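Residue-level structural notes
Listed here are the chains, written in short residue letters.
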Amino acid sequence: MTGIITLTTDLGAQDAYVAAMKGVILSINPDAQVIDICHSIEPQNISQAAFLLNTVYGYFPKDTIHIVIVDPGVGSQRRAIILKASQAFFLAPDNGVLSYVMAHAWPREKSVRYKSSLPLVKLKRLPPGFQAISITKAKFWHHPISSTFHGRDIFAPVAAHLSLGVSLEEFGEAITSVNAFPPPHPYSKAKGQLIGHILHIDRFGNLITDISGEDLPSGKLRLEIAGQPIEGLSTSYAEGNQLLALIGSSGYLEVAVKNGSAASLLGAKIGDEVSLKPKD
Amino acid sequence: MTGIITLTTDLGAQDAYVAAMKGVILSINPDAQVIDICHSIEPQNISQAAFLLNTVYGYFPKDTIHIVIVDPGVGSQRRAIILKASQAFFLAPDNGVLSYVMAHAWPREKSVRYKSSLPLVKLKRLPPGFQAISITKAKFWHHPISSTFHGRDIFAPVAAHLSLGVSLEEFGEAITSVNAFPPPHPYSKAKGQLIGHILHIDRFGNLITDISGEDLPSGKLRLEIAGQPIEGLSTSYAEGNQLLALIGSSGYLEVAVKNGSAASLLGAKIGDEVSLKPKD
Amino acid sequence: MTGIITLTTDLGAQDAYVAAMKGVILSINPDAQVIDICHSIEPQNISQAAFLLNTVYGYFPKDTIHIVIVDPGVGSQRRAIILKASQAFFLAPDNGVLSYVMAHAWPREKSVRYKSSLPLVKLKRLPPGFQAISITKAKFWHHPISSTFHGRDIFAPVAAHLSLGVSLEEFGEAITSVNAFPPPHPYSKAKGQLIGHILHIDRFGNLITDISGEDLPSGKLRLEIAGQPIEGLSTSYAEGNQLLALIGSSGYLEVAVKNGSAASLLGAKIGDEVSLKPKD
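Notes on the structure follow. Throughout this document, residue positions are counted from 1 along each chain, in the order its sequence is written. Here every chain gets a letter starting at A, and every ligand a number starting at 1, in the order they are written. Local features in this predicted model are restricted to residues whose pLDDT is 70 or higher, and side-chain atom pairs enter the listing and the counts only when it is 80 or higher, whereas totals over whole chains, interfaces and linings include all residues. Side-chain numbers come from the whole structure's heavy atoms, not from hydrogens or water.

What follows covers the relation of the copies chain C and chain A. Applying a rotation about an axis and a shift along it to one chain copy brings it onto the other copy. When the copies are superposed, the least-squares fit takes in the C-alpha atoms of residues with a pLDDT of at least 70 in both. Overlaying chain C on chain A yields an RMSD of 0.0 Å, the required transformation being a rotation through 120° with an accompanying axial translation of 0.0 Å. On this basis, the relationship between the two copies can be described by a three-fold rotation axis. Judged by C-alpha distance, C:Gln33 is the residue of chain C that lies nearest the rotation axis, at 5.3 Å. Any pair of residues with heavy atoms lying within 4.5 Å of one another is described as a contacting pair. Little of the interface of chain C is mirrored in chain A, where only 3% of its interface residues again form contacts.

In this section: the pattern of salt bridges. All names here are of chain A. For this analysis, a salt bridge means a side-chain nitrogen from Lys or Arg found within 4 Å of a carboxyl oxygen belonging to Asp or Glu. Scanning the model with the defined rule gives 29 salt bridges over all chains in all. We note a salt bridge from Arg79 to Asp94, for which the minimum N-O separation is 3.1 Å. Pair noted here: Arg79 is in the loop between strand S3 (64-69) and strand S4 (80-84) and Asp94 is in the loop between strand S5 (88-93) and strand S6 (121-122), with a separation of 15 residues, a long-range link. Classification of Arg79 as partly exposed rests on a relative accessible area of 25%. Residue classification places Asp94 among the buried residues on the basis of a relative accessible area of 5%. Here a helix means four or more residues in a row that DSSP labels H or I, a strand means two or more in a row labelled E, and each is numbered from the N terminus. Type-normalised accessible area, obtained with a 1.4 Å probe on protein chains alone, sets the label of each residue: buried when under 20%, exposed when over 50%, and partly exposed for intermediate values.

Cis geometry marks the peptide bond from B:His143 to B:Pro144; its omega dihedral reads -5°. Summarising the element assignment, B:Pro144 is placed in the loop between strand S7 (131-135) and helix H3 (150-163). Phi is positive for C:Asp63, which is not a glycine, with a value near 75°.

Cysteine sulfurs are considered disulfide-paired once they come within 2.5 Å of each other. Applying the stated rule across the entire model yields zero disulfides over all chains. With no disulfide of its own, B:Cys38 lies closest to A:Cys38 among cysteine sulfurs, the gap being 16 Å. Accessibility expressed as a relative area gives 2% for B:Cys38, which makes it buried.

Glancing now at the interface of chain C and chain A. Opposite the 35 residues of chain C that make contact, chain A presents 29 residues. Note on terms: buried area is the combined drop in 1.4 Å-probe accessible area of two parts once they are placed together, counting the loss on both. Summed over both partners, the interface of chain C with chain A buries about 2,500 Å², with 55% contributed by carbon and sulfur atoms. Taken together, the connections running from chain C to chain A amount to zero salt bridges. Polar contacts, as counted here, are pairs of nitrogen or oxygen atoms within 3.5 Å of one another; within protein the pair requires one atom able to donate a hydrogen and one able to accept it, and residues that are adjacent in sequence qualify only if both atoms are side-chain atoms. Summed over the shared surface of chain C and chain A, the result is 13 residue pairs in polar contact (both at pLDDT 80 or more). Any residue that is not Ala, Val, Leu, Ile, Met, Phe, Trp, Tyr, Cys, Pro, Asp, Glu, Lys or Arg is counted as polar, Gly included; the first ten are nonpolar and the last four charged. Looking at the side of chain C that touches chain A residue by residue, the class counts come to 15 nonpolar, 15 polar and five charged.

Judged by how many residues are buried, helix H2 (residues 46-56) of chain C sits mostly within the fold: nine of 11 residues are covered. Taken together, the buried positions of H2(C) are occupied by C:Ile46, C:Gln48, C:Ala49, C:Ala50, C:Phe51, C:Leu52, C:Leu53, C:Thr55 and C:Val56.

Another point: the sheet that holds strand S5 (residues 88-93) of chain C. Residues and elements named next belong to chain C. Strands pair, by our definition, only if DSSP identifies at least two bridges between them. Across the sheet, which stays open at both edges, the seven strands sit in the order S2-S1-S3-S5-S4-S7-S8 with mixed pairing between neighbours. Taken across any chain shown, the strands that pair with only one partner, and hence form the sheet edges, are strand S2 (33-38) and strand S8 (172-175). The average angle at which neighbouring strand axes cross in this sheet is 25°, direction not considered. In terms of strand pairing, strand S7 (residues 131-135) meets S8 through four bridges, oriented antiparallel. Its bridge partner being in S8, Ala132 is matched across the sheet by Ile175. Seen against the sheet, helix H1 (residues 17-28) touches strand S1 (4-9), S2 and strand S3 (64-69) and runs at an angle of roughly 160° to S1. To obtain each axis, a line is fitted to C-alpha atoms, and for helices this fit is confined to the stretch in contact; angles are then taken between N-to-C directions over 0 to 180 degrees. Most of the contacts of helix H3 (residues 150-163) go to S3, to which it runs at about 175°, and overall it touches S1, S3, strand S4 (80-84), S5 and S7.

Attention now goes to the packing of helix H1 (residues 17-28) of chain A against helix H3 (residues 150-163) of chain A. Residues and elements named next belong to chain A. Running from N to C, H1 and H3 point in directions that differ by 35°, and their axes come no closer than 8 Å. Handedness of the crossing formed by H1 with H3: right-handed. Mapping the contact onto sequence places Ala20, Met21, Val24, Ile25 and Ile28 in H1 and Gly151, Arg152, Ala156, Pro157, Ala160 and His161 in H3. Here the residues of the contact of H1 with H3 are counted per class, giving eight nonpolar, two polar and one charged. Crossing handedness follows the turn of the near helix against the far one: under a right angle anticlockwise gives a left-handed crossing, and clockwise gives a right-handed one.

As a further point, take the packing of aromatic side chains. Residue and element names in this part refer to chain B. For Phe, Tyr and Trp, where Trp contributes only its six-membered ring, two rings pair if their centres lie within 6.5 Å, and the inter-plane angle classes them as stacked under 30 degrees, edge-to-face over 60, or tilted in between. What the rule picks out here adds up to 15 aromatic pairs over all chains. When the centroid spacing of 6.1 Å and the interplanar angle of 85° are considered together, the rings of Phe51 and Tyr100 count as edge-to-face. Pair noted here: Phe51 is in helix H2 (residues 46-56) and Tyr100 is in the loop between strand S5 (88-93) and strand S6 (121-122), with a separation of 49 residues, a long-range link. On the basis of relative accessibility, which here comes to 5%, the residue Phe51 falls in the buried class.

Remember that the coordinates give geometry; whether it matters functionally is a separate question.
Structure representation (structure tokens):
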């Protein structure tokens with residue numbers, strides 16, 4: 001184990017919730033390194049957290065432990081799980097927030113068109129290379145257990161003990177299925193045309209879509225977004241036109257404005273369509 | 001000592017003030033672990049910092065050093081103090097910001113009704129189990145001393161030296177009294193009725209009151225806030241009604257909206273009343 | 001080397017960009033301590049980052065590595081550099097963001113009056129005590145290299161390897177000039193009068209100017225800002241009048257409002273003039 005534990009939450013920066021989790025972790029493993037991924041996930045926005053986590057976990061050392069707390073069902077019967085991948089451990093409520101980290105193993109033929117509220121489905125089996133545990137054994141929890149903040153009372157202490165080398169089965173039973181929502185993919189409306197959607201808008205107002213670099217048809221392309229055409233792809237923000245498109249740092253097609261905000265210029269929002277076709 | 005130093009400040013995230021404190025600490029103790037509790041305390045809002053600190057310090061390892069910088073009197077004659085409790089060290093201006101961490105030792109009969117501006121009183125003696133030092137010896141400070149940022153020039157270096165094992169008396173004289181404001185408590189207007197107040201509104205718009213779980217009368221309860229009735233307590237956000245009340249993760253009565261903001265729905269603000277009576 | 005790496009960026013807190021940089025650093029040097037200086041630099045605001053960095057780097061241990069990512073030219077021909085000073089290492093795009101840390105070595109007679117957009121000039125030679133490297137050797141980078149996020153793919157891994165003791169020349173060629181913009185200085189319009197400018201507005205609404213404590217004429221002073229007079233300098237926020245001026249914690253003249261915001265009261269903004277003359 002590396003002793004690195006990351007946090008992705010909707011707990012914000014104005015309260016002491018995140019610090020309470022850190023205190024619990026350090027009380028158990030004083031040598032843990034707790035790294036903030038993001039705490040400004042919109043409250044209860046599971047898909048936003050799922051998206052962000054997937055853009056970043058691959059940059060951490062092998063066996064890093066990632067805690068994700070976007071947990072509207074806390075205190076209900078929703079499960080708390082540990083998902084072990086070849087690269088990392090994920091601790092989260094079983095509410096779909098780990099969907100994107102399993103997305104590469106999702107059968108492409110079962111992919112769906114983007115919807116603003118994707119249906120949560122119970123996977124029949126775990127994707128290859130994954131193991132999962134339902135966290136049920138209270139021995140490693142922080143007592144008393146609040147019914148509203150399992151991030152502090154269950155996930156933080158379990159992560160800390162895991163970072164000390166406690167083995168997975170000590171935390172609960174192995175399970176063979178978890179909940180996930182189908183990762184959105186671009187689709188074709190007409191031959192040669194690809195319709196994608198904005199999945200994330202970053203601080204710069206860049207519009208990040210579900211069209212990956214590998215989805216792109218070869219040859220010259222013509223994009224359209226919010227009625228505005230974009231001819232071809234740029235290689236950097238600096239070398240493009242005012243309104244430009246490029247493959248961004250997460251590997252996805254991104255619409256940007258040089259030294260400005262594409263979101264503001266276009267009035268764009270999550271879920272908006274981006275179309276792509278070969279240039280005539 | 002643990003080497004863990006926490007920071008609770010109104011210094012915000014848009015400047016480099018917090019980082020300057022960390023730089024000073026690490027220059028003295030490169031092995032210190034500096035943990036952010038909160039930096040978005042409203043400027044000069046002493047009671048908000050006092051409240052937040054109290055919800056979180058108990059989750060940190062014994063002997064953690066907590067620095068609190070909400071310091072409108074910096075550069076004046078206000079004292080800088082170290083308060084040692086059985087569980088932790090606190091470094092702060094002597095302006096009441098440590099009131100809540102001493103509140104459990106405050107004589108209940110001297111408690112007061114909530115007011116938006118609580119009067120600062122000089123405690124006759126320290127509560128049992130506490131020791132205090134007035135920080136007066138310049139030997140451990142970072143020179144030159146600015147008259148506007150003792151967080152960086154006095155508190156940070158003193159905390160760093162304390163984390164290295166320098167003993168309390170090296171930093172100044174023992175004192176037997178500090179300033180505090182009386183912690184607000186709910187009160188009874190009519191028999192069986194309890195009136196509390198909103199002390200904190202969190203990121204989710206949850207309204208956290210001064211009514212603790214132990215204050216609650218037994219039996220079925222009826223709440224009223226902003227003219228809206230709430231019947232009984234829920235056990236979690238997920239299992240309650242749209243507008244609900246429960247004992248939150250800090251042990252206090254909290255009014256919440258499922259997947260929404262009670263603060264927005266009710267137009268509630270700090271200091272607003274919540275009343276509680278047995279259900280007929 | 002200390003193993004301390006700081007980050008000053010315009011990457012914000014709503015995405016996972018900063019965390020990706022930390023993951024890359026920790027993958028190379030698991031013992032690195034990564035400290036956030038500020039991530040809320042206004043997008044592409046090079047001079048704001050340059051200013052903040054200069055107020056804080058001196059408080060860090062010798063040989064701390066400071067990464068600055070405000071990089072509108074990422075992916076273009078702009079150079080990526082390491083600047084070595086006696087006190088610290090700086091890694092940044094060669095776009096002027098390191099101007100202020102070299103400002104003390106800038107010939108005063110070549111100083112300029114404040115302009116909202118300062119011209120970037122190529123220094124003929126590095127100021128005394130500085131060394132610079134153009135980062136060109138891909139061996140230490142994180143592959144594949146995105147054309148839009150060199151913070152993650154070039155600067156973070158280079159900093160991590162540098163913190164492990166890799167020597168400067170392994171990262172690229174020594175260069176003898178870098179880009180910088182002339183640091184703004186106050187100027188005299190009439191004899192005895194000094195005109196300065198607001199360079200930064202902090203979280204409290206304090207107005208920090210380019211007039212340093214050393215620039216001040218001796219004797220009693222009269223300030224004027226936004227048509228409002230201020231008589232003399234205060235020694236602290238607490239002991240001044242409602243609207244006051246003092247030498248702030250960065251060593252510069254600062255206009256403040258006691259328990260309030262000078263920026264709001266005066267409607268002040270970056271670049272506004274502050275005039276100073278001896279009191280009649």
